[in-house]
Amino acid sequence: MIKFFLKNIDNFINFFLKKYVDSMPIRFVKLISFYYTNAIIRKIYLKKLGFIMGEGSYSNLGLHFTPNEDYSPCVIIGKNVSIGPGVTFLPNSEPNNSELLKNNSYVKNTQIFVEDDVWLGANCVLMPGITIKRGSIIGAGAIVTKNTEEFCTYAGVPAKKIRNYIKWIFLK
């Protein structure tokens, strides 16, 4: 009896969150996007913040990113991408409170692209303006500062190519 009751509550909450995504205050959208346990609901709310995920892509809990002020698309994720827990995307990087440092050349406000069939390991960080090419694997804890090549594994701080596995793909 209690399982039936709890399942109905869960279904109602999911229905409510899907139906009223456009009515939610932005603070709730951010909260649901980053911490709600249902990945399908998170994906819907992330899209509203400018984080676009392709078909078959999945993000674990703890994903973080800095949206644009107008919530325009700033992170574009391809199809069948696996995003590990705690991954951070930084399409916008600026010293928020320093007028002096805002004019610095390090300030960036660009998009991040992740192509199809990529695996982003737990707690990796993707810096502004990079593209993760198709079939790449980014090791846990890596900080990616430059574009990657297709079908390669990257790890470390900063991330460096440690393996090229394109031969394995075509030999099978």
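These remarks concern the structure in this document. Note that the structure is predicted; figures quoted are calculated from it, not measured.

Reading guide: rules and limits
- Counting from 1, residues in each chain are numbered in the order their sequence is written.
- Confidence filtering applies because this is a predicted model: local features only for residues at pLDDT of at least 70, side-chain atom pairs given and counted only at 80 or more, and all residues used for totals across whole chains, interfaces and linings.
- Hydrogen atoms and water are omitted, and side-chain values are computed over all heavy atoms in the structure.
- Pairing between strands is defined by DSSP: at least two bridges between them are needed.
- In this text, helices come from DSSP runs of H or I with a minimum length of four residues, and strands from runs of E with a minimum of two, each type numbered from the N-terminal end.
- Axes, fitted as lines to C-alpha atoms, cover a helix only where it is in contact. Angles between the N-to-C directions of the axes lie from 0 to 180 degrees.
- Here the word oblique covers every angle except those under 35 degrees (roughly parallel), over 145 (roughly antiparallel) and from 65 to 115 (roughly perpendicular).
- Helix crossings get a hand from a simple test, with the near helix turned counterclockwise from the far one by less than a right angle marking a left-handed crossing and a clockwise turn marking a right-handed one.
- Only heavy atoms matter for contacts: two residues are in contact if any of them lie within 4.5 Å across the pair.
- Each pair of aromatic rings taken from Phe, Tyr and Trp, with Trp reduced to its six-membered ring, is defined by centres within 6.5 Å and is described as stacked if the planes are under 30 degrees apart, edge-to-face if over 60, and tilted in the remaining cases.
- Working definition: with a 1.4 Å probe on protein chains only, accessible area under 20% of the residue-type maximum means buried, over 50% means exposed, and in between means partly exposed.
- Patches in this entry comprise residues that are over 30% relatively accessible and not in a salt bridge; like charges within 9 Å are linked, as are nonpolar side chains (Val, Leu, Ile, Met, Phe, Trp, Tyr) within 5 Å.
- Exposure was quantified through the Shrake-Rupley algorithm and a 1.4 Å probe, taking into account, for residues, occlusion by the shown protein chains and nothing else.
- Here, a salt bridge means any Lys or Arg side-chain nitrogen found within 4 Å of an Asp or Glu carboxyl oxygen.
- Relevant arc is that of directions from the helix axis to the C-beta atoms, nothing else.
- Within 3.5 Å is the distance limit for a polar contact, defined as a pair of N or O atoms, with the added protein rule that one can donate a hydrogen and the other accept it, and that residues adjacent in sequence qualify only through two side-chain atoms.

Take the sheet that holds strand S6 (residues 88-89) next. One open sheet accounts for 4 strands, arranged S3-S6-S11-S14; its pairing is parallel. Two strands lie at the open edges of the sheet, namely strand S3 (64-65) and strand S14 (143-144), each paired on one side alone. In this sheet, S14 lies alongside strand S11 (residues 125-126) in parallel orientation, the contact comprising 2 bridges. Bridge pairing in S14 places Val125 opposite Ile143.

All right, on to the sheet that holds strand S15 (residues 152-155) then. Read from one edge to the other, the open sheet built from 6 strands follows the order S2-S5-S10-S13-S15-S16, with strand pairing classed as mixed. Only two strands of the sheet have a single neighbouring strand rather than two, namely strand S2 (58-59) and strand S16 (160-164). Direction of pairing for strand S13 (residues 137-138) relative to S15: parallel, over a ladder of 2 bridges. Considered in S15, the bridge of Ile138 is made with Tyr154.

Next up on the list: the packing of helix H1 (residues 2-19) against helix H3 (residues 39-48). Relative to each other, H1 and H3 sit at 15°, their axes nearing to 10 Å. Compared by their axis directions, H1 and H3 come out roughly parallel. The chirality of how H1 crosses H3 is left-handed. For the pair H1 and H3, contact is made by Asn14, Leu17 and Lys18 and by Ile40, Ile41, Ile44 and Tyr45, respectively.

Here the structure, examined in full by the defined rule, presents 6 aromatic pairs. Each ring, one from Phe51 and one from Phe89, has its centre 5.1 Å from the other, and the planes form 80°; the classification is edge-to-face. Note that Phe51 is positioned in strand S1 (residues 51-53) and Phe89 in strand S6, a separation of 38 residues in sequence. Accessibility classification places Phe51 together with Phe89 in one group, the buried group. Cluster of aromatic residues (ring-pair linked, three or more members): Phe34, Tyr35, Phe51, Phe65 and Phe89.

Another point: a nonpolar patch on the surface. Residues Ile2, Phe5, Leu6, Ile9, Phe12, Ile13, Phe15, Phe16 and Tyr20 make up a contiguous nonpolar surface patch of about 880 Å² in total accessible area. Within the secondary structure, Phe5 is located in helix H1. A residue is classified by how much of its surface remains accessible, and Phe5, at 48% relative accessible area, is partly exposed.

Next up on the list: the pattern of salt bridges. The tally for this structure, following the rule as stated, stands at 4 salt bridges. Asp22 is the salt-bridge partner of Lys48, the closest N and O atoms lying 3.7 Å from each other. Placement of Lys48 in helix H3 and of Asp22 in the loop between H1 and helix H2 (26-35) is noted, with a sequence separation of 26 residues between them. A salt bridge links Glu115 to Lys133, with the shortest nitrogen-to-oxygen separation between them at 3.9 Å.

Our focus in this paragraph is the pairing of S15. Pairing analysis gives 4 bridges linking S15 to S16, with the strands arranged antiparallel. In the strand pairing of S16, Cys152 is matched with Asn164. Hairpin connection, S15 to S16: the antiparallel pair is bridged by 4 residues, and Gly156 has positive phi, about 105°.

Those residues of H3 not exposed but buried are Ile41, Arg42, Tyr45 and Leu46. Burial along H3 is one-sided: seen end-on, the buried residues are contained in an arc of 135°. Facing away from the buried side of H3 by more than 90 degrees, the exposed set consists of Ile40 and Lys47. Residues of H3 that are buried sit in contact with H1, H2, S1, S2 and S3. Put simply, Asn38 is the residue that caps the front of H3, since its side-chain oxygen is 2.8 Å from the backbone nitrogen of Ile40.

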